[in-house]
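The chain contents come next:
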Amino acid sequence: MTSTAIREGRAARVRPSRARTKRKLVTLALLTPALLGLVIFFVYPLIASVYYSFTRFDLVSSPQWIGLRNYQYLFTQDPNVWQATLNTLWFVVIWVPVKVAFALLIAGLLARAKRASGFWRTLFYLPALVPPVASVVAFVFLFNPGTGPVNQVLKFFGIQGPLWFNDPAWSKPSLVLLGVWVMGDIMIIFLAALLDVSKEQYEAASLDGANGLQKVRYVTMPSIAPVLLFSVVTGVIAAIQYFTEAAVASGVASGKAVIGEGISNNLGYPDGSLLTYTQWLYVRGFGTYQLGYASALAVLLFVVAAVILILLLRRFKAFTPEGAQ
Amino acid sequence: MTSATLTKPPAAPAKRQGRIPTPRSLRSRRVLAWIAEHIVLVALGILFAAPIVFVFLTSLMSSEQTLTASIWPQPFQWDNYVKVFTTVPLLQWFGNSALYAILATVFMLVSSVPAAYALAKIKFRGSGALFTVIIIAMLLPPQVTAIPIYVMWSQLNLTGTLWPLILPNLLGDAFSIFLLRQFFLTIPSEYADAARIDGNGEFGVLWRVVLPMAKPGIAATAIFMFFNSWNDYYGPLLYTSENPAAWPVAYGLASFRGVHGTDWGLTMAMTMLVTIPVVLIFFFAQRVFVEGITLTGVKG
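Residues numbered from 1 in each chain as written. Chains lettered and ligands numbered in written order. Predicted model: local features only at pLDDT ≥ 70, side-chain atom pairs only at ≥ 80, totals over all residues. Heavy atoms only, no water.

1. Comments concerning the overall build of chain B
Within chain B one finds 15 helices and 0 strands. When the 300 residues of chain B are sorted by exposure, 54% land in the buried category. Sequence-distant contacts in chain B: of pairs separated by 6 or more residues, those separated by 24 or more amount to 72%. Carbon together with sulfur atoms contributes 68% to the accessible area of chain B, which is approximately 13,700 Å² in total. (Helix = DSSP H or I, 4+ residues; strand = E, 2+ residues; numbered from the N terminus. Buried < 20%, exposed > 50% of the residue type's maximum accessible area, 1.4 Å probe, protein only. Contact = heavy atoms within 4.5 Å. Areas by Shrake-Rupley, 256 points an atom, 1.4 Å probe, with all protein chains shown as cover.)

2. Focus: the overall build of chain A
What chain A contains, in helices and strands, is 14 helices and 2 strands. Taking the intrachain contacts of chain A between residues at least 6 apart in sequence as the baseline, contacts between residues at least 24 apart amount to 65%.

3. A few points about helix α6 (residues 149-156) of chain A
Residue and element names in this part refer to chain A. Of the positions making up α6, those classed as buried are P149, N151 and Q152. For α6, the buried positions fall inside an angular range of 165° around the axis, keeping them on one side. G158 lies just past α6 and shows a positive phi near 80°. (Arc of directions from axis to C-beta.)

4. Considering the interface of chain A and chain B
At the interface, 102 residues of chain A touch 102 residues of chain B. Buried surface at the junction of chain A and chain B, both sides included, amounts to about 8,900 Å², of which 79% is carbon and sulfur. The largest per-residue losses of area from chain A upon contact with chain B belong to A:L30, A:F41 and A:F141, which jointly make up 8% of the total buried on that side. Of the charged contacts, one joins B:E202 and A:R23 as a salt bridge, the two residues approaching to 3.5 Å between their closest N and O atoms. (Buried area = accessible area lost by both parts, 1.4 Å probe. Salt bridge = Lys/Arg side-chain N within 4 Å of Asp/Glu carboxyl O.)

5. A few points about the packing of helix α5 (residues 127-139) of chain B against helix α8 (residues 174-185) of chain B
Helix-helix packing is characterised by the crossing angle of the two axes and by the distance between the axes. Residue and element names in this part refer to chain B. At a minimum axis separation of 8 Å, α5 and α8 run at an interaxial angle of 130°. Put simply, α5 runs oblique to α8. Of the two possible hands of crossing, α5 and α8 adopt the one that is left-handed. Of the residues in α8, those touching α5 at F131, I134, I135, A137 and M138 are A174, F175, I177, F178, R181 and Q182. Here the residues of the contact of α5 with α8 are counted per class, giving 9 nonpolar, 1 polar and 1 charged. (Axes fitted to C-alpha atoms, helices over the stretch in contact; angles between N-to-C directions. Parallel < 35°, antiparallel > 145°, perpendicular 65-115°, else oblique. Left-handed = near helix turned anticlockwise from the far one by under 90°. Nonpolar A, V, L, I, M, F, W, Y, C, P; charged D, E, K, R; others polar.)

6. Looking at unusual backbone geometry
For the peptide bond that leads from A:Y269 to A:P270, omega is -5°, which places it in the cis range. Tracing the backbone through its elements, the reader meets A:P270 in the loop between α11 (244-254) and α12 (277-287). Of note, the bond from B:Q74 into B:P75 is cis; its omega dihedral lies within 30 degrees of zero at -10°. Here B:P75 lies in the loop between α2 (23-58) and α3 (80-87). Positive phi, normally seen in glycine, also occurs at A:L59, with a value near 80°. Checked against the element boundaries, A:L59 lands in the loop between β1 (55-56) and β2 (64-65). Unlike most non-glycine residues, A:D271 shows phi in positive territory, near 55°. By the secondary structure assignment, A:D271 is in the loop between α11 and α12.

7. Details of the nonpolar core
Ranked by internal contacts, the top residues of the largest apolar core, which has 193 residues, are A:F124, A:M187, B:F184 and B:M270. A per-element tally of this core places helix α4 (residues 90-121) of chain B first, with 15 residues. Look past the residues within four positions of B:M270 in its chain and what remains in contact with it is B:V84, B:V88, B:L90, B:W93, B:V249, B:G252, B:L253 and B:F256. (Core = buried A, V, L, I, M, F, W, Y, C linked by side-chain atoms within 4.5 Å.)

8. Focus: the confidence of the model for chain B
Residue and element names in this part refer to chain B. Averaged over all residues, the pLDDT of chain B is 86; the fraction at 70 or higher stands at 89%. Here residues 1-18 scores under 50 on pLDDT; set against residues more than four positions off or in separate chains, the count is 8 contacts. This complex was scored by the predictor with a pTM of 0.87 and an ipTM of 0.87. (pLDDT = per-residue confidence, 0-100.)

This is the structure we're talking about:
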């Protein structure tokens, strides 16, 4: 009897640990593909980028160590990097806030619209579904200075429309208009947040004698602040890698895109006004195959993105389920 | 609850009457606000719908008519939609897009659902750190890691094809893992625990309990992946720009106008054709899709 008790005790001690080992193995099996993916497509390339940035590398011969010379060139000699950085900053400072503000405005209107709300939501969301390339091609046509519908309508009202995508001063604002048109994703997120604000809070504010503006300031804004912050930070992340819209707009508006030559042919048209940092990285890397130098540009982009991400992650923890615990 | 229901009805009207003397002026003010809001809404609605309407109308015009001031197609050239298939290898490009989007989505599901399940429903050491790494991988610009990844694929002789964009999904996609995990977290852990007590292993719990309950979330994640691949421009530019036979249709559209001069009618027809599949999928899956967007924002 004692022996069986001991045996049972031992079994009881053994079984959970064996079960634990098994569970650990199963967990590992579930995670293996993702872990491999993170190592092969994220951790390794991140380290390799830093290494390449200290080399001269053209894909044909193996990388050659040249120390800090790429960075020296980047900060002191590169003829385009400054313009590309300024253009990208322009998108961070103008494109993001304008887009977010419009999304908030329309979400606010939709949150109040009771009749046909489904129709309005679909209408304002629909442009966000249009593939980015298609929306850029469409906008370059709609805003083309000669016979484009936009300038036709403006002419009807007696206004001489600008050259839009063909004028260095108007090309970026034209892309902001495009950004506003496709703000649907952010709008849906805002709308959900606005509809989540409890009615009791508004009623309580009314009882305290708050007017409409005060209700927005003291009830609405605090409740949607996390969502607002999130959309601004993801917007900034999107802006620092702004690529497709600018590259396609340059290509289509210049009318010179040629099969096989990618984007290098009419870079930043008109007059470099749409040359963004990531396009410059792309051209140095895959147009002229200066992979070492392009890696230095990538490392700089990583540093900037990392700073933004650290700011984001701090706030992020505050409103994920674990953060709340 | 009781205090709210008791105090609200008498207090609210009294307050309103105190602030605004007559019910009539209150009503007229509300009507005015309603009218103002709806004027703004309708005006913005017209502005938002106009591009699609113009693109559609232009897609039915002859190439000469697109260069005139007229807005209405004369005559309606429906065969633009046929002609565009013969001017460029559009069918092949659609095929490439479909292959890219479908395989990427299937591969992503196979690899990312198990990982998201482990992150959401199994307690293990390092799960927090792993989740943080996934968020960083998700948010970091792809250009940061593009060069070494390109070098890898060129050593495997796969540049010039779409495989460098499809195959990595077999090893998980950070954004999809993140989104799936958020969906799985909304399923009460009691169900998973009950299934474990019934003798199910983790695979059993995932397959029999979590998957059936997370169908809308999985559908939304799959749709996001499909759309992202269908819309992708940067990836195909990087890997296939010198091989038109491998182009997906969105990339082909970007070079279409340049090759064929100023034929806006055909270009707009192709713009419509690239967009229609996405819009159709959206209307079939609208509910789960909107739920998915909301979850990306509200939960983080």
